[in-house]
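Chain by chain, the residues run as shown.
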Amino acid sequence: MLKIGLTGGIGSGKSEVSKRLSARGAMVIDADLIAREVVEPGTPGLARVAETFGGGVLRPDGSLDREKLGSIVFTDSEKLAALNAIVHPLVGERVAELQRGAGNDTIMVYDVPLLVENNLAPMYDVVIVVDAPDELRIRRLAEHRGMAEADAKARIAAQASRDDRLAAADIVIPNDGSLEELDARVAEVWDDLLRRAAVG
């Protein structure tokens, strides 16, 4: 099994690359997505969140009110730690379950936004960084997410620098052109990963 850490700064196009790798046969594990799954209505995770933070973090339909919970935990490091103590082990269990269910020849791609910030590169056989210039990322965030330029700059500044991210990369996928160019780059990378998996 080949374990790939896929990362890239906000607005770099990491999710576009993730989609394309999945379409080629990679098993993509998106930690953010799993973190949402483990607190869906009816899960033990959501019950523990409500028990810890009160029923006020639930919407009338019983689902988690993320904005309400966010306003509680992001201003209080102890409460954030309490939330992480509930969610992180559940995410870990789910990831382990997915790994157990995968074949030995699987190419597992872990979509990890903060891979560089949290020094997680050693956990993977290969680290892929999706890269785009900051000014292009700012433009994308404005066009695709309606983010104000100042907000986009602040989000980029809060993440690892472009140089730090590139320094952690085994493979860099430049994403500063068309989607067709991105398709071609991902195809080359996929061939490379298949070769590495065969050798491994």
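What counts and what doesn't
- Residues numbered from 1 in each chain as written.
- Predicted model: local features only at pLDDT ≥ 70, side-chain atom pairs only at ≥ 80, totals over all residues.
- Heavy atoms only, no water.
- Helix = DSSP H or I, 4+ residues; strand = E, 2+ residues; numbered from the N terminus.
- Rg over C-alpha atoms; globule rule 2.2 N^0.38 Å.
- Buried < 20%, exposed > 50% of the residue type's maximum accessible area, 1.4 Å probe, protein only.
- Contact = heavy atoms within 4.5 Å.
- Areas by Shrake-Rupley, 256 points an atom, 1.4 Å probe, with all protein chains shown as cover.
- Lys, Arg positive; Asp, Glu negative; His and termini not counted.
- Charge placed at Lys NZ, Arg CZ, Asp CG, Glu CD.
- Polar contact = N/O pair within 3.5 Å; in protein donor to acceptor, adjacent residues only side chain to side chain.

Colleague: Talk me through the overall build of the protein; I want residue IDs and the actual numbers.
Modeller: Within the protein, the regular secondary structure consists of nine helices and five strands. Ordered by position in the sequence, the α and β elements of the protein form the string β-α-β-α-α-α-α-β-β-α-α-α-β-α. Over its C-alpha trace the protein gives a radius of gyration of 18 Å, about what one expects of a compact globule, namely 16 Å for 200 residues. Overall, the C-alpha framework of the protein stretches about 50 × 45 × 30 Å when taken along its three principal axes. Split into buried and exposed, the 200 residues of the protein put 40% on the buried side. Taking the contacts inside the protein whose residues are at least 6 apart along the sequence as the reference set, 70% of them involve residues at least 24 apart. Working note: accessible area of the protein is about 10900 Å², and carbon and sulfur atoms make up 51% of it. Between the averaged position of the 24 positive side-chain charges in the protein and that of its 33 negative side-chain charges there is a distance of 1 Å.

Colleague: Help me get a handle on the side chain of Asp-65, residues and values and all.
Modeller: For Asp-65, the location among the structural elements is in the loop between helix H3 (44-53) and helix H4 (66-73). A distance of 3.0 Å separates a polar side-chain atom of Asp-65 from the backbone nitrogen of Lys-68. With near-sequence residues (within four places) excluded, Asp-65 lies in contact with Val-57, Leu-58 and Arg-59.

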